Structure formats: C-alpha cells, structure tokens
Amino acid sequence: MFFGSREGVIEAAFHGRECAILIVDEEFTDFLKRLETVGLTYTIHDLIAP
C-alpha cells in the first residue's frame, strides 16, 4: 500500500468513520489479516472488469 493507506483506513474506522479502500490481489490477504488482528468488521465487494 502506498502512503499509509492501509493504516489510515484502519485508524479512521477506529474513530467511527466508514471507509472504502481498493486493493489489488497481491495485498488483499495481508490487509484482511490486519483487519482481523485489530478486530474491525468489513465487507468485501469483488470488482471484476468484464
């Protein structure tokens, strides 16, 4: 992730902000692990180009 996007989204969520982040396949698993580690709930929307 560039420019602290991952931690920025997590920090915002801790403060009650609803957030969205677009993430590529290579970073997906690590980001989910991070969300689960800090105990945040999340929803996954799979965006696949036709």
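Residues numbered from 1 in each chain as written. Predicted model: local features only at pLDDT ≥ 70, side-chain atom pairs only at ≥ 80, totals over all residues. Heavy atoms only, no water.

1. Observations regarding the pattern of salt bridges
Phase 1 of the analysis: The final tally for this structure, using the stated rule, is 2 salt bridges.
Phase 2 of the analysis: With its nearest N and O atoms 3.9 Å apart, the salt bridge here joins Arg6 to Glu27. Here the residue Arg6 occupies a position in helix α1 (residues 5–14), and Glu27 occupies one in helix α2 (residues 25–38), the gap between them amounting to 21 residues.
Phase 3 of the analysis: Ionic pairing is found between Arg34 and Glu7, a salt bridge with its closest N-O pair at 2.9 Å. Taken together, the residues span a long stretch of sequence, with Arg34 in helix α2 and Glu7 in helix α1 at a distance of 27 residues.
Phase 4 of the analysis: Of the residues examined, Glu7 reaches a relative accessible area of 39% and is grouped as partly exposed. (Salt bridge = Lys/Arg side-chain N within 4 Å of Asp/Glu carboxyl O. Helix = DSSP H or I, 4+ residues; strand = E, 2+ residues; numbered from the N terminus. Buried < 20%, exposed > 50% of the residue type's maximum accessible area, 1.4 Å probe, protein only.)

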